[in-house]
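Here is what each chain is made of, one letter per residue.
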Amino acid sequence: MSKYFSEKFSKLTPYTPGEQPKDMQYIKLNTNESPFAPPKNVVDAAKAEAGKAQLYCDPECSALKEKAAQVFGVKKEQVLPTNGSDEILLFAFMAFCDASTPVVFPDITYGFYSVFAKLHNIPYKTIPLKEDFSIDYRDYLGVNATVVIANPNAPTGMALPLWQIEEIVKSNPKNVVVIDEAYVDFGGESAVRLIDKYDNLLVTQTFSKSRSLAGARLGLGFASESLIADLNTIKYSTNPYNVNRMTAAMGVAALCEEEYFKDTCKTICENREYTAAELVKLGFKVLPSKTNFLFVQSDEVDGKTLYEKLKARGILVRHFNGERIAAFNRVTVGTREQMDAFLQAVKEIVKE
Ligand code: PMP
């Protein structure tokens, strides 16, 4: 740390993104990316915009908002495109939390929530998941705080039914409830259709997983017009051109590729069920996942050792050190070939 670094950030531990080692070609099952490249028309859309990169992009992202409004059945004033969904989550922490409005989220969830809270000095409380790693929605009823829930949750992969999300939103009318739907397209129930009914609901989604655009950085927020206006105040006070012109064009093109989107999600769900069943045969505990990853644990080999031995064989998965989850690994669901290579390596390691 330099002597110039602001005192207020000196104790901050930043978020650690999944590793991207360059020493060899890995089978990457550690950051929940799609194994499928974006379709040609999406790549072409970026190329067409790259030639105009001397010009600022449209800060309103009008074309993308219009397309998203059409695809998701909302008004364009109810949509906010951002630089990945991380950015809209950050905006939400800035807009809807402060010293007198704390934030609550599960103890085991997306690691960025606590980083955002600490970054902005927001008091936060975590609520333990149940013994089976599920969220008890009753813990979030009338909590007098901003609520942030990933549904499905990460890294567990487990989802709450929509009626339970609605109960949480309904019971907290004085506070914003943020539902992070980064993984919803792999079997969860989206709350987007509830935004007309509840003006305290913000739903966030991403193009990073189900739409094969992690590297383009594109997220969407859906909420009442008044919440979107608040979030725009934060956006225009930080980075008005937050979505670059290549990414905005890729987003529009990706939303025109519904068939590709549905096919690739279906394949990933099939590969997930196949991998889960094979791991169960090997004696693994596999949490029921509605995402593009599996959270898995074996009594034969501890979490860290499995992670290390897989890495030595060229397969990257994600291991977390948290007390309740250190025995687990989070495994992104890739192609059938990738999953077979992963399963073969696991079989060898378990035998050792
Ligand atoms: N929410 C959850 C639960 C995630 O796992 C991630 C991915 N790391 C994100 C949000 C953010 O994804 P992105 O910024 O790529 O949209």
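Here, every reference points to the structure presented above.
Residues numbered from 1 in each chain as written. Predicted model: local features only at pLDDT ≥ 70, side-chain atom pairs only at ≥ 80, totals over all residues. Heavy atoms only, no water.

Novice: Explain empty space enclosed by the protein here, please?
Specialist: Over the atoms a probe the size of a water molecule is rolled, and this reveals where empty space is left. In the structure shown here, the tally under the stated rule is two cavities of 30 Å³ or more. Size it by volume and the largest cavity reaches roughly 60 Å³. The wall of the largest cavity is formed by Pro39, Val42, Ser210, Arg211, Ser212, Ala254, Glu257, Tyr260, Phe261 and Thr264. Looking at which element gives the most residues to the lining of the largest cavity, the answer is helix H8 (residues 258–281), with three residues. Broken down by class, the residue content of the lining of the largest cavity amounts to five nonpolar, three polar and two charged. Put simply, the second largest cavity is a space of about 40 Å³. Considering the residues around the second largest cavity, the lining is formed by Phe72, Asp185, Gln205, Thr206, Phe207, Arg211 and Leu220. Partitioned by chemical class, the residues of the lining of the second largest cavity number three nonpolar, two polar and two charged. (1 Å grid on protein atoms, 1.4 Å probe; cavity = no way out; pocket = protein on both sides within 12 Å on 5 of 7 lines; lining within 4 Å. Points joined across faces, edges and corners; volume = space filled by probe spheres on them. Helix = DSSP H or I, 4+ residues; strand = E, 2+ residues; numbered from the N terminus. Nonpolar A, V, L, I, M, F, W, Y, C, P; charged D, E, K, R; others polar.)

Novice: Quick question: what am I supposed to make of the site of the ligand here?
Specialist: As a structural note, the neighbourhood of the ligand is formed by 13 residues, with Ser85, Asp180, Tyr183, Thr206 and Ser208 the closest of them. In the model, a nitrogen atom of the ligand is placed 3.3 Å from a nitrogen or oxygen of the Tyr110 side chain. Arg217 is positioned such that a nitrogen or oxygen atom in its side chain is 2.7 Å from an oxygen atom of the ligand. Its free accessible area being 400 Å², the ligand has 91% of it covered by the protein chains. Mapping the ligand onto the cavity grids shows that it belongs to the largest pocket. (Near = heavy atom within 4 Å. Polar contact = N/O pair within 3.5 Å; in protein donor to acceptor, adjacent residues only side chain to side chain. Areas by Shrake-Rupley, 256 points an atom, 1.4 Å probe, with all protein chains shown as cover. Sits in = over half its atoms within 2 Å of the grid points.)

Novice: Explain the sheet that holds strand S3 (residues 103–106) here, please?
Specialist: Sheet strands line up and pair through hydrogen bonds in the backbone, either parallel or antiparallel. Reading across from one edge, S2-S8-S7-S6-S5-S3-S4 is the order of the seven strands in this open sheet, with mixed pairing throughout. The two strands at the open ends of the sheet, each matched to only one other strand, are strand S2 (79–82) and strand S4 (124–127). On average, adjacent strands in this sheet sit at an angle of 20 degrees to one another, irrespective of strand direction. Pairing geometry for strand S5 (residues 146–150) and strand S6 (residues 177–180), over four bridges, is parallel. By the bridge assignment for S6, Ala150 is matched with Asp180. (Pairing = 2+ DSSP bridges. Axes fitted to C-alpha atoms, helices over the stretch in contact; angles between N-to-C directions.)

Novice: Explain the layout of surface pockets to me, please; I cannot follow it from the model alone.
Specialist: Computed from the structure, the largest pocket encloses a volume of approximately 1,200 Å³. Taken together, 47 residues line the largest pocket, and the ones lying closest to its centre are Tyr15, Thr16, Tyr110, Gly111 and Arg318. Every element with two or more residues in the lining of the largest pocket is listed here: helix H3 (84–96), S3 and helix H4 (112–119). No other element matches the four residues that H4 contributes to the lining of the largest pocket. Among the residues forming the lining of the largest pocket, the class breakdown is 18 nonpolar, 18 polar and 11 charged. What the second largest pocket holds in volume is close to 170 Å³. Residue lining of the second largest pocket: 13 residues in total, with Asp58, Ala63, Arg245, Ala248 and Ala249 positioned closest to the centre. Secondary structure elements with two or more residues in the lining of the second largest pocket: helix H2 (62–72) and helix H7 (245–255). Partitioning the lining of the second largest pocket into residue classes produces nine nonpolar, one polar and three charged.

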